[in-house]
Amino acid sequence: MPGPIASRTTGSTTHATAATFAAAQATAAALAAAGSNSAPNVEGHMSYKIKTTKSSKKLDHFFGEQAFHDICIKEIRKEGLKAMLQSKTPLCYFLYHLLEEYSSENLFFFIEIEQYETFHYVSLVQQLATAQHIYNTYLSRQSQFEVNLDDRVRRQVTAAIQERRVDGCFTTAKRAVYTLLESSFMRFVTTDNFQRMVMNCGELTTHYDTDTRNMAIETLMQYIDRQHDMIYTNPHTDAPVFASINQTSRKRHELIKFMIFEFCRTLMDVDPYRIQQRRAQQQQQQQQQRHASPSMKSSTSSSPSIKSPKILPKDIFDFFGKKKH
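Residues numbered from 1 in each chain as written. Predicted model: local features only at pLDDT ≥ 70, side-chain atom pairs only at ≥ 80, totals over all residues. Heavy atoms only, no water.

Looking at an unreviewed UniProt entry, the protein chain carries the name RGS domain-containing protein, with the source organism given as Syncephalastrum racemosum.

In structure tokens form, the structure reads like this:
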């Protein structure tokens, strides 16, 4: 065990790490204390959502147009998950954390329910079709994106849809998945990814510039790239014994990829396909530069990788596709 002198001579990096860890612990403790005194889970979220929506409308009225305002990190530290779910740019970092935890379906499911509850349907048939679409995507046992809810909640949703009680049919499921998101958020605030969000976004900013938003989106794009390389270019997964597992992994990867793209398009108001094309062009230029280098010409070429399709077939998943018709 190091003595007092060794402890005092520790480098600045160690002190910074300790300070970061202490800040994360303080944030987690504050959020836990706030949670014990706040309204129960989803009810507290709904109250906060109403408050922030009113504030947004006031800002829009002041500027005379719809302004791109967001939730600052200080507010997220104070209010916790309910503030995070109302954010846009910070939410990208939380989504990345959920992707790393293999639980991104919880956030997508929650967003779908939020939109389901506020959408104006032209008929009961359209609303019922949308409810069935959400059920098939997140609650069906055959789904690649099944949310981990207990059977009691699943049976309640199933019965409500079968009886055509579409208003409030996902209430119990929404409450259950919010609890799962709360647990993930408490882990998120202690991660390096949370600190990266703070560093990139700042504490008090409510209007993130283009570079800040692009950095958040790039985090998600890099995740897609890593998963693609692991699934499509790994020679070990092409063995016959892994054929069925690899096929399932590819289907899930393409589904998650499409969901991330729709997340960026609908919440961040950017064209993810254009971003992907630009990134592909940059990678191609880098490869051409490497091949043009004399030192690279003598190197052995790697085997070609299987390319991931750009767009999923519409029959696999369409983000609120049932509402568009």
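Text resumes after the structure shown.
1. Some details on the pattern of salt bridges
Between side chains of opposite charge, a pair can form when the charged atoms approach closely. Inspection of every chain in the model, using the stated rule, returns 14 salt bridges. With a closest N to O distance of 3.0 Å, arginine 77 and glutamate 203 form a salt bridge. Taken together, the residues arginine 77 in helix H4 (residues 73-79) and glutamate 203 in the loop between helix H11 (192-201) and helix H12 (210-232) connect sequence positions 126 residues apart. A relative accessible area of 18% means that arginine 77 is categorised as buried. Note on glutamate 203: relative accessible area 31%, which makes it partly exposed. A salt bridge links lysine 174 to glutamate 117, with the nearest nitrogen and oxygen atoms 2.8 Å apart. Placement of lysine 174 in helix H10 (residues 171-188) and of glutamate 117 in helix H7 (residues 104-118) is noted, with a sequence separation of 57 residues between them. A network of salt bridges, in which partner residues are shared, links Arg141, Glu146, Asp151 and Arg154. (Salt bridge = Lys/Arg side-chain N within 4 Å of Asp/Glu carboxyl O. Helix = DSSP H or I, 4+ residues; strand = E, 2+ residues; numbered from the N terminus. Buried < 20%, exposed > 50% of the residue type's maximum accessible area, 1.4 Å probe, protein only.)

2. Focus: the confidence of the model for the protein chain
Scored by pLDDT, the protein chain has a mean of 78; 67% of the residues are at 70 or more. Here helix H1 (residues 4-8) stands out as the least confident element of the protein chain, with mean pLDDT 37; helix H6 (residues 89-100) is the most confident, with 98. Taken as a whole, residues 297-318 scores under 50 in pLDDT and shows 35 contacts with residues more than four places along the chain or in a different chain. Throughout residues 320-325 the model reports pLDDT below 50, and contacts reaching past four residues in sequence, or to other chains, amount to 21 contacts. (pLDDT = per-residue confidence, 0-100. Contact = heavy atoms within 4.5 Å.)

3. A short note on the packing of H7 against helix H8 (residues 124-138)
For the pair H7 and H8, interaxial distance at closest approach is 11 Å and the crossing angle is 175 degrees. In terms of orientation, H7 and H8 fall into the roughly antiparallel class. Residues Glu105, Phe108, Phe109, Glu112 and Tyr116 of H7 lie in contact with H8, whose contacting residues are Gln127, Thr130, Ala131, Ile134 and Tyr138. By residue class, the composition of the contact of H7 with H8 is 6 nonpolar, 2 polar and 2 charged. (Axes fitted to C-alpha atoms, helices over the stretch in contact; angles between N-to-C directions. Parallel < 35°, antiparallel > 145°, perpendicular 65-115°, else oblique. Nonpolar A, V, L, I, M, F, W, Y, C, P; charged D, E, K, R; others polar.)

4. What to know about the state of the cysteines
Here a disulfide denotes one covalent bond, and it connects the sulfur atoms of two cysteines. Throughout the structure, instances matching the rule amount to 0 disulfides. Considering cysteine sulfurs only, cysteine 264 is the nearest to cysteine 92, which forms no disulfide, with 5.7 Å between them. Residue classification places cysteine 264 among the buried positions, given a relative accessible area of 1%. (Disulfide = S-S within 2.5 Å.)

5. Some thoughts on the packing of helix H9 (residues 151-162) against H10
Where H9 meets H10, the closest approach of the two axes is 8 Å, and the angle between their N-to-C directions is 150 degrees. Taken together, the axis directions place H9 and H10 in an arrangement best described as roughly antiparallel. Crossing geometry of H9 relative to H10 is assigned as left-handed. Residues Val153, Gln156 and Val157 of H9 pack against Thr172, Ala173 and Ala176 of H10. Per-class residue counts for the contact of H9 with H10 are 4 nonpolar, 2 polar and no charged. (Left-handed = near helix turned anticlockwise from the far one by under 90°.)

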